[in-house]
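Summary of structural features
Letter by letter, the chains look like this.
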Amino acid sequence: EHFADQISVKIASSRLTRLQERQNEILDILAQKRLGQKHFVLLDEQRDDRYFVGRSDNNLLIKVQGDMLDLGKIIEVEITEANRQTNKGKRLEQKN
């Protein structure tokens, strides 16, 4: 059922596109602000031969180089690459 005061699909689509573009701009800005941040990360999943992922102390998903001995450990990581969906970091020091 349609309401009498509905806007056209064309206008609604245009507004949605503008909103999504602005959201992507904001996400890009936030990602750039994460560069250089340091977090403690619990490594809990192996992604490939060299990379592991885990959640930081503020729930960011961060990918870092490691080995099987790192699984289940908390390590300090500095974010070196960040985008809208993923973060990559380097190990700073080992925590047991």
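These remarks concern the structure in this document. Given the structure is predicted, the values throughout are model-derived calculations rather than measurements.

Here we come to helix α1 (residues 9–34). Compared with the 38 Å implied by 1.5 Å per residue over 26 residues, the 37 Å span of α1 between its first and last C-alpha is a close match. Count one or two residues on from α1 and you reach G36, which has phi positive near 85 degrees.

Direction of pairing for strand β1 (residues 38–46) relative to strand β4 (residues 74–82): antiparallel, over a ladder of five bridges. The partner of K38 across the bridge, within β4, is E78. Sheet analysis places β1 next to strand β2 (residues 51–56), joined by five bridges and oriented antiparallel. Residue E45 lies in a different strand from β2, and its bridge partner there is V53. Turn length for the β1-β2 hairpin, with the two strands adjacent in sequence and antiparallel, is four residues.

Moving on, we come to the environment of L71. With respect to the helices and strands, L71 occurs in the loop between β3 (61–65) and β4. Sequence spacing of L71 and Q46 is 25 residues, and the spatial spacing of their C-alpha atoms is 7.7 Å. The contact partners of L71, leaving out residues within four places of it in the chain, are L43, D44, E45, Q46 and F52.

This next bit is on the pattern of salt bridges. Taken as a whole, this structure holds four salt bridges when the rule is applied. Of the charged contacts, one joins E45 and R47 as a salt bridge, the two residues approaching to 3.1 Å between their closest N and O atoms. Here R47 falls in the partly exposed class, since its relative accessible area comes to 45%.

Right, let's talk about the side chain of H39 for a bit. Checked against the element boundaries, H39 lands in strand β1. Taking relative accessible area as the criterion, H39 reaches 7% and is therefore assigned buried. Here H39 is in contact with S56, D57, N58, L60, I62, I75, E76, V77 and I79, once residues within four sequence places are set aside.

With that out of the way, let us pick up a nonpolar patch on the surface. A cluster of nonpolar side chains, F40, L42 and I74, forms an exposed patch at the surface whose accessible area comes to about 240 Å². With respect to the secondary-structure elements, F40 resides in strand β1.

As a further point, take the environment of I75. Looking at the element boundaries, I75 is found in strand β4. Distance from I75 to V64, taken between C-alpha atoms, is 9.9 Å for residues 11 residues apart in sequence.

Counting residues in hydrophobic clusters, the biggest one holds 11 residues: A31, V41, L43, F52, L60, I62, V64, I75, V77, I79 and A82. Leaving out residues up to four positions away in the same chain, L43 has contacts with F52, V53, G54, V64, D70, L71, G72, K73 and I75.

Quick notes on the rules
Residues numbered from 1 in each chain as written. Predicted model: local features only at pLDDT ≥ 70, side-chain atom pairs only at ≥ 80, totals over all residues. Heavy atoms only, no water. Helix = DSSP H or I, 4+ residues; strand = E, 2+ residues; numbered from the N terminus. Expected span 1.5 Å × (residues − 1). Pairing = 2+ DSSP bridges. Contact = heavy atoms within 4.5 Å. Salt bridge = Lys/Arg side-chain N within 4 Å of Asp/Glu carboxyl O. Buried < 20%, exposed > 50% of the residue type's maximum accessible area, 1.4 Å probe, protein only. Patch = residues over 30% accessible without salt bridge, like charges linked within 9 Å, V, L, I, M, F, W, Y side chains within 5 Å. Areas by Shrake-Rupley, 256 points an atom, 1.4 Å probe, with all protein chains shown as cover. Core = buried A, V, L, I, M, F, W, Y, C linked by side-chain atoms within 4.5 Å.

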